[in-house]
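Summary of the model geometry
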Amino acid sequence: MTIKILGSGCTRCHETERRVVNALSRLGIAAEVCKVTDMKEIMSFGVLGTPAVVIDGKVKCYGRIPSAEDIEKWLKPEK
Amino acid sequence: MPDVLKSLADLMVYRWLGLRAGAHLADALNFFVYDVIKIFILLTVIIFVVAIIRSFFPPEKTRRFLSRKRTWIGNILAALLGIVTPFCTCSAIPLFIGFLESGVPLGVTMSFLVSSPTVNEVALVMLLGLFGWRIAALYIASGVVIAIVSGIIIGRLRLERYVEEYVYQTRLGSVELERLTFRQRAFDAWAYTKEILKKVFPWVLIGVGAGALIHGYVPVNWLARIAGRGNPFAVPIAVLIGVPLYSNAAGTVPIVQALVAKGVPIGTALALMMAVTALSLPEAIILRKVMKPRLLAIYFGIVALAIVFVGYLFNAVIR
């Protein structure tokens, strides 16, 4: 599983990344987490407001910090 | 609520610190404590409510809504949506590109780009707390008018050739619009509120503190003489001073309030504040990535002129 955190490096993006990493370790799932700061790549997903979370190429949320509950829901079906 | 706050400030300053009521320093401190507490309560409530409202208007949705809208109706809608769409200077670039890409006319995009930072919720709270609801309402109305007028003028001037070429070549993917539950909205809104409070906290203290100093130590006649009604150039000068300054609205409004108390007319003071919050050097540097120098200069020029105009208008209307 590849998880991309889209964002220009603001505090909200860091918070989102922290939450995703926490959720992964809580569920014991191994995944590649990478941050995407390049504006062109962010926009190629159709996202204008950051932070956004993309899992395996699919935009899961944008313009908001997801709750732990949200993140776990996205991660679980993969198990 | 003001009574409760007043007693709280009295308790803290006169009882706990044991300072004597009526003494210069004690009263100034009492004032400071009262203002700071009031502003923080207002900030918490209003930012949270605004963040909830905003979650219904993400830019991904706004750009679809505004695409191919005409002059006037498009500018009016864009200026109004600019108030509620989440925006910070760092997201100006994707917004600008995203809007133009989906067929939002340049003038309409500009209306949005002006209204979004000009009408901001922190400034609104500060004006509400320190001046009352009438000035706060006037602030919103004038911000919206400035955004509409600037956008229409820029649209009429047909400046599309001064947008950097790559902007029109960028292609955006499309994103599925999310349906959020209230819990999800509230969760993010609360995270946002905490972040803003943390960010503006020092500014509120500095601003209210500097305001208190001006209250106490700057003679009334001195400011009224150089920036009062007698000086017809006070408004444009205030705007010229404000444009290069980049400060948080939280730090600016208390100073503006102190200036008004010292005899600076409200229009001049508000013009200064708007110039500080709406136009800034860092913003110019960021927008330069998508606008050629000519368009950038026209954009700043028109918005500055609009602010000057509104400043004069307020000075003429409110006495």
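Before reading further, recall that the structure is shown in the block above.
Just so you know, these numbers come straight off a predicted model, no measurement behind them.

**Remarks on the overall build of chain A**
- Counting its regular elements, chain A contains three helices and four strands.
- Going from N to C terminus, chain A has its helices and strands arranged as β-α-β-α-β-β-α.
- For 79 residues, the compact-globule estimate of 2.2 N^0.38 gives 12 Å, and the C-alpha radius of gyration of chain A, at 11 Å, lies within 12% of that figure.
- Principal axes of the C-alpha set define a box for chain A whose edges measure 30 × 25 × 15 Å.
- The burial tally for chain A puts 47% of its 79 residues in the buried class.
- Pairs at least 24 residues apart make up 63% of the contacts formed inside chain A by residues separated by at least 6 positions.

**So, helix α10 (residues 182-217) of chain B**
- Spanning 36 residues, α10(B) covers 49 Å between terminal C-alpha atoms, matching the ideal 52 Å at 1.5 Å per step.
- At Val200(B), α10(B) shows its maximal kink, close to 40°; a proline, Pro202(B), follows between one and four residues later.

**Re the packing of helix α7 (residues 121-130) of chain B against helix α8 (residues 133-156) of chain B**
All names here are of chain B.
- In contact at an axis separation of 7 Å, α7 and α8 are set at 150° when each is read in the N-to-C sense. Relative to α8, the element α7 is oriented roughly antiparallel. Considering only the axes of α7 and α8, their crossing is right-handed. For the pair α7 and α8, contact is made by Ala123, Leu124, Leu127 and Leu128 and by Trp133, Ile135, Ala136, Tyr139 and Ile140, respectively.
- The residue inventory of the contact of α7 with α8, partitioned by class, reads nine nonpolar, no polar and no charged.

**Section: the side chain of Thr16(A)**
- Along the polypeptide, Thr16(A) turns up in helix α1 (residues 11-27).
- Each residue touching Thr16(A), except ones within four places of it in the same chain, is listed here: Ile5(A), Pro51(A), Val53(A), Ile65(A) and Pro66(A).

**What to know about the pattern of salt bridges**
- Enumeration according to the criterion identifies 15 salt bridges over all chains in this entry.
- Among the salt bridges present, the one from Glu69(A) reaches Arg183(B), with a minimum N-O distance of 2.7 Å. Placement of Glu69(A) in helix α3 (residues 68-75) and of Arg183(B) in helix α10 is noted, with the two residues assigned to different chains.
- The closest approach of N and O atoms between Glu101(B) and Arg63(B), which form a salt bridge, is 3.1 Å. One end of the pair, Glu101(B), is in helix α5 (residues 92-101); the other, Arg63(B), is in helix α3 (residues 59-66), and 38 residues separate them in sequence.
- One salt-bridge network, in which partners are shared between bridges, spans Glu15(A), Arg18(A) and Arg19(A).

**Observations concerning α3(A)**
- For α3(A), the full list of buried residues reads Asp70(A), Ile71(A), Glu72(A), Trp74(A) and Leu75(A).
- In this structure, the buried side of α3(A) is in contact with β1 (2-6), α1, β3 (52-55) and β4 (58-62) of chain A together with α10 of chain B.

**Some thoughts on the interface of chain B and chain A**
- Facing 26 residues of chain B, the contacting portion of chain A comprises 25 residues.
- Both faces considered, chain B and chain A share a buried interface measuring about 2,100 Å² in area, 57% of it formed by carbon and sulfur atoms.
- At the boundary of chain B with chain A, the tally comes to seven residue pairs in polar contact (both at pLDDT 80 or more).
- Those elements giving two or more residues to the side of chain B that touches chain A turn out to be α3, α5 and α10 of chain B.
- With seven residues, the single largest contributor to the side of chain B that touches chain A is α10(B).
- Across the side of chain B that touches chain A, the residue classes tally to 15 nonpolar, four polar and seven charged.

Parameters and conventions
- Residues numbered from 1 in each chain as written.
- Chains lettered and ligands numbered in written order.
- Predicted model: local features only at pLDDT ≥ 70, side-chain atom pairs only at ≥ 80, totals over all residues.
- Heavy atoms only, no water.
- Helix = DSSP H or I, 4+ residues; strand = E, 2+ residues; numbered from the N terminus.
- Rg over C-alpha atoms; globule rule 2.2 N^0.38 Å.
- Buried < 20%, exposed > 50% of the residue type's maximum accessible area, 1.4 Å probe, protein only.
- Contact = heavy atoms within 4.5 Å.
- Expected span 1.5 Å × (residues − 1).
- Bend = angle between axes of the 7 residues up to and from the residue.
- Axes fitted to C-alpha atoms, helices over the stretch in contact; angles between N-to-C directions.
- Parallel < 35°, antiparallel > 145°, perpendicular 65-115°, else oblique.
- Left-handed = near helix turned anticlockwise from the far one by under 90°.
- Nonpolar A, V, L, I, M, F, W, Y, C, P; charged D, E, K, R; others polar.
- Salt bridge = Lys/Arg side-chain N within 4 Å of Asp/Glu carboxyl O.
- Buried area = accessible area lost by both parts, 1.4 Å probe.
- Polar contact = N/O pair within 3.5 Å; in protein donor to acceptor, adjacent residues only side chain to side chain.

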